[in-house]
Amino acid sequence: MDTIEGIRDGIRRYVVSFFDPISRLGLAFATPTKSSKNTSHVLNALLKALFSGNPKARGLAVLSDNGSEFLKHFQKTLEENQITHYFTYPRRPKMNSHCERFNRTLQEMFIDFHEDLLFSDLQTFNQKLADWLIKYNTIIPHHGIELMSPVQWLIKYHPECHMCWTNTHT
């Protein structure tokens with residue numbers, strides 16, 4: 001996990017990103033503040049959507065930097081769901097290189113083109129971000145996983161996952 005910060009005219013906006021380095025599945029959500037409460041809400045929504053609210057038996061772990069958004073409420077949510085939290089060393093972005101690379105892709109392919117919405121209409125920005133993430137996770141091929149999309153890879157190699165992905169062909 002990581003956070004992208006955007007600043008324009010003294011206004012700050014944050015995009016919290018989640019990335020699985022094995023399946024290359026990437027998720028993100030924009031928030032108005034960099035608080036552990038916002039990050040905790042995003043994590044709870046993610047856990048409910050991906051694991052039907054029961055991630056405890058899955059042995060999950062989260063890697064993040066030492067930012068304040070990954071403490072207090074966020075840490076409590078991780079403890080409640082029995083998820084291990086690892087921290088990177090300060091000023092060592094290479095320790096979370098997969099997420100940093102996803103952040104760059106997210107920045108270059110989406111945020112730079114929708115920066116006005118990020119600062120003017122956060123709800124519309126998040127809706128457009130969700131549409132882009134659907135394309136990123138279901139259509140765009142990734143070299144690291146045999147030129148498949150993350151969802152195609154999950155369906156092929158982990159059919160037991162209960163993510164309720166649909167596999168449609170046009």
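Parameters and conventions
- Residues numbered from 1 in each chain as written.
- Predicted model: local features only at pLDDT ≥ 70, side-chain atom pairs only at ≥ 80, totals over all residues.
- Heavy atoms only, no water.
- Phe/Tyr/Trp six-rings, centres within 6.5 Å; stacked < 30°, edge-to-face > 60°.
- Helix = DSSP H or I, 4+ residues; strand = E, 2+ residues; numbered from the N terminus.
- Buried < 20%, exposed > 50% of the residue type's maximum accessible area, 1.4 Å probe, protein only.
- Arc of directions from axis to C-beta.
- Salt bridge = Lys/Arg side-chain N within 4 Å of Asp/Glu carboxyl O.
- Pairing = 2+ DSSP bridges.
- Axes fitted to C-alpha atoms, helices over the stretch in contact; angles between N-to-C directions.
- Contact = heavy atoms within 4.5 Å.
- Core = buried A, V, L, I, M, F, W, Y, C linked by side-chain atoms within 4.5 Å.
- Expected span 1.5 Å × (residues − 1).

1. As for the packing of aromatic side chains
Applying the stated criterion across every chain, the model contains 7 aromatic pairs. Centre to centre, the rings of Phe19 and Phe102 are 5.3 Å apart; their planes meet at 25°, and the pair counts as stacked. One end of the pair, Phe19, is in strand 2 (residues 11–19); the other, Phe102, is in helix 3 (residues 97–109), and 83 residues separate them in sequence. Since its relative accessible area comes to 16%, Phe19 is described here as buried. Ring geometry for Trp153 versus Tyr157: centroids 5.4 Å apart, planes at 45°, classification tilted. Taken as a pair, Trp153 and Tyr157 lie in helix 6 (residues 150–157) at a separation of 4 residues, close to a single helical turn. The buried category is assigned to Trp153, whose relative accessible area is 12%. The rings of Phe19, Phe102, Phe110, Phe125, Trp132 and Tyr136 are connected pair by pair, giving a single aromatic cluster.

2. Some remarks on helix 6
For helix 6, the complete set of buried residues consists of Pro150, Val151, Trp153 and Leu154. Along the axis of helix 6, the buried residues cluster in a sector spanning 160°; they form a single face.

3. Looking at the pattern of salt bridges
Summed over the entire model, instances satisfying the criterion amount to 5 salt bridges. For the salt bridge of Lys34 with Glu69, the shortest nitrogen-to-oxygen distance reads 3.8 Å. Of this pair, Lys34 sits in the loop between strand 3 (26–31) and helix 1 (36–51) while Glu69 sits in the loop between strand 4 (61–64) and helix 2 (72–80); the two residues are 35 residues apart in sequence, bridging distant segments of the chain. The salt bridge involving Lys156 is made with Glu146; its shortest N-O contact spans 4.0 Å.

4. A short note on the sheet that holds strand 2
Here 3 strands make up an open sheet; going across it, the order is 1-2-3 and the pairing antiparallel. Because the sheet does not close on itself, it has two edges, and the strands there are strand 1 (2–8) and strand 3. Strand after strand, the sheet turns through a mean of 20° between neighbouring axes, direction not considered. Pairing analysis gives 6 bridges linking strand 2 to strand 3, with the strands arranged antiparallel. By the bridge assignment, Ser17 is partnered in strand 3 with Ala28. Here helix 5 (residues 122–138) sits on the sheet and contacts strand 2 and strand 3; the angle it forms with strand 3, its principal contact strand, is near 175°.

5. A short note on the nonpolar core
Core analysis: the biggest nonpolar cluster contains 19 residues, and Val15, Leu106, Ile111, Leu118, Phe125 and Leu129 have the highest contact counts within it. Considering each element in turn, this core owes the most residues, 6 residues, to helix 5. The residues touching Leu129, leaving out its near neighbours within four places in the chain, are Ala28, Phe29, Ala30, Leu106 and Phe110. The next biggest cluster of nonpolar side chains, apart from the first, holds 14 residues, and it includes Met1, Val42, Leu46 and Val62.

6. Considerations on helix 1
Helix length check: helix 1 (16 residues) gives 21 Å between terminal C-alpha atoms against 22 Å at 1.5 Å per residue, within 8%. Taken together, the buried positions of helix 1 are occupied by Ser36, Thr39, Ser40, Val42, Leu43, Leu46, Leu47, Leu50 and Phe51. Seen along its axis, helix 1 keeps its buried residues to an arc of 160°; they face one direction. For helix 1, the exposed residues lying more than 90 degrees away from the buried face are His41, Lys48 and Ala49. Looking at the buried side of helix 1, the elements it contacts are strand 2, strand 3 and helix 2.

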